[in-house]
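# Fold and geometry: a report
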Amino acid sequence: MSKDLEMQLVSGVLQPGQKLPSERELGMSYRVSRTVVREALSGLAERGFIAIYPGRGSFVRAPQATDLSQPVVRIATNAGVTSRNLVQARELIECAAARGAALKANPDDIHHLRELLELHTSATTLASRVRTDLEFHQRIADSSGNPVLTLMFGAMSTFVADLMYRSHSDSIVREIGDPLHEEIVDCIEAHDPDGAESAMRRHVVLALELFGDDVDRPLSEVARELMVRTY
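Residues numbered from 1 in each chain as written. Predicted model: local features only at pLDDT ≥ 70, side-chain atom pairs only at ≥ 80, totals over all residues. Heavy atoms only, no water.

## Some points on the side chain of Ser144
- Tracing the backbone through its elements, the reader meets Ser144 in the loop between α7 (126-143) and α8 (147-155).
- Note on Ser144: relative accessible area 5%, which makes it buried.
- Within the local environment of Ser144, its side chain forms a polar contact with the backbone oxygen of Ala141, the two atoms lying 2.7 Å apart.
- With residues up to four places along the chain from it excluded, the contact list for Ser144 reads Ala97, Gly100, Ala101, Lys104 and Leu149. (Helix = DSSP H or I, 4+ residues; strand = E, 2+ residues; numbered from the N terminus. Buried < 20%, exposed > 50% of the residue type's maximum accessible area, 1.4 Å probe, protein only. Polar contact = N/O pair within 3.5 Å; in protein donor to acceptor, adjacent residues only side chain to side chain. Contact = heavy atoms within 4.5 Å.)

So this is what it looks like as structure tokens:
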């Protein structure tokens, strides 16, 4: 039963937002008990295929770019990923995303990036600065026209947020790094892929230049200490 439903979800037979048959109907269709049905639905929900709402039923869930983040975080945390490791990965992924966005972004993408930039500039708390910064970078990946870049950024988004907490808690890093956001958007709007890639690279590698000893410490450890001091 679980494999059959998964195949229907992956193949698109069951579309995002579509409601699944009730537990009783599924049990009758597959000739299994409601306990088996619940276990199958629970497994599909844990893997992000469906969302279960008590009293309403089970619905097909649209894939999200951040779906890969939880397993990646577990593995990367155990591996002791550092800021240096993440910056090197970001340089590869986000420079390509910025270049792609400069080539593919449409007026709606530019408008959305400008709005996110305004929200980020007006943010008054550390948490809101990190949230708007993360949304800004995710939008650039989305605008690249390459779904693999979108997925790759989404997969590492939790660690990127940790890195951003470190950056935005440091006034020097923020003072140098934030203005580069506007330069990136200007280059994307001008359809200047070389400029967008260069501005993104200068923005991303600031951590290597300004973090000091933190750059080679486990990022999860650095973020945890920041959370304690901040909250």
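## Comments concerning the pattern of salt bridges
- Applying the stated criterion to the full structure yields 18 salt bridges.
- In this structure, Arg99 engages Asp194 in a salt bridge whose closest nitrogen and oxygen atoms are separated by 2.3 Å. On the criterion of sequence distance, the pair formed by Arg99 in helix α5 (residues 83-104) and Asp194 in helix α11 (residues 193-204) is long-range, its members being 95 residues apart.
- Using a relative accessible area of 52% as the deciding quantity, one classes Asp194 as exposed.
- Among the salt bridges present, the one from Glu189 reaches Arg114, with a minimum N-O distance of 2.7 Å. Of this pair, Glu189 sits in helix α10 (residues 171-189) while Arg114 sits in helix α6 (residues 107-122), and the two are 75 residues apart along the sequence. (Salt bridge = Lys/Arg side-chain N within 4 Å of Asp/Glu carboxyl O.)

## Details of α7
- End to end, α7 covers 26 Å across 18 residues, agreeing with the expected 26 Å (1.5 Å per residue, within 8%).
- The element α7 is extensively covered by neighbouring structure, given that 13 of its 18 residues are classed as buried.
- Positioned one or two residues after α7, Gly145 has a phi angle of 80 degrees, which is positive. (Expected span 1.5 Å × (residues − 1).)

## Quick look at the packing of helix α2 (residues 23-30) against helix α3 (residues 34-46)
- Close contact between α2 and α3 brings their axes to 9 Å; oriented N to C, the two are set at 110 degrees. Classed by the angle they form, the pair α2 and α3 counts as roughly perpendicular. Only Arg34, Val37, Arg38 and Leu41 of α3 make contact with α2, whose side of the interface consists of Glu23, Arg24, Leu26 and Gly27.
- Looking at the contact of α2 with α3, its residues break down into three nonpolar, one polar and four charged. (Axes fitted to C-alpha atoms, helices over the stretch in contact; angles between N-to-C directions. Parallel < 35°, antiparallel > 145°, perpendicular 65-115°, else oblique. Nonpolar A, V, L, I, M, F, W, Y, C, P; charged D, E, K, R; others polar.)

## Concerning α5
- Between its terminal C-alpha atoms α5 stretches 30 Å, which fits the 32 Å expected from 22 residues at 1.5 Å a residue.
- Of all the bends found along α5, the most pronounced is centred on Arg90 and spans about 30 degrees.
- All of the buried residues in α5 are Ser83, Leu86, Val87, Arg90, Ile93, Glu94, Cys95, Ala97, Ala98, Gly100, Ala101 and Ala102. (Bend = angle between axes of the 7 residues up to and from the residue.)

## Looking at the confidence of the model for the protein
- Per-residue confidence for the protein averages 88 on the pLDDT scale, and 92% of its residues sit at or above 70.
- Here helix α4 (residues 69-79) stands out as the least confident element of the protein, with mean pLDDT 67; α11 is the most confident, with 98. (pLDDT = per-residue confidence, 0-100.)

## Topic: unusual backbone geometry
- You will see that Arg31, though not glycine, has its phi angle at about 60 degrees, which is positive.
- If you check the backbone angles, His191 has positive phi at about 55 degrees while not being a glycine.
- Structurally, the position occupied by His191 is in the loop between α10 and α11.

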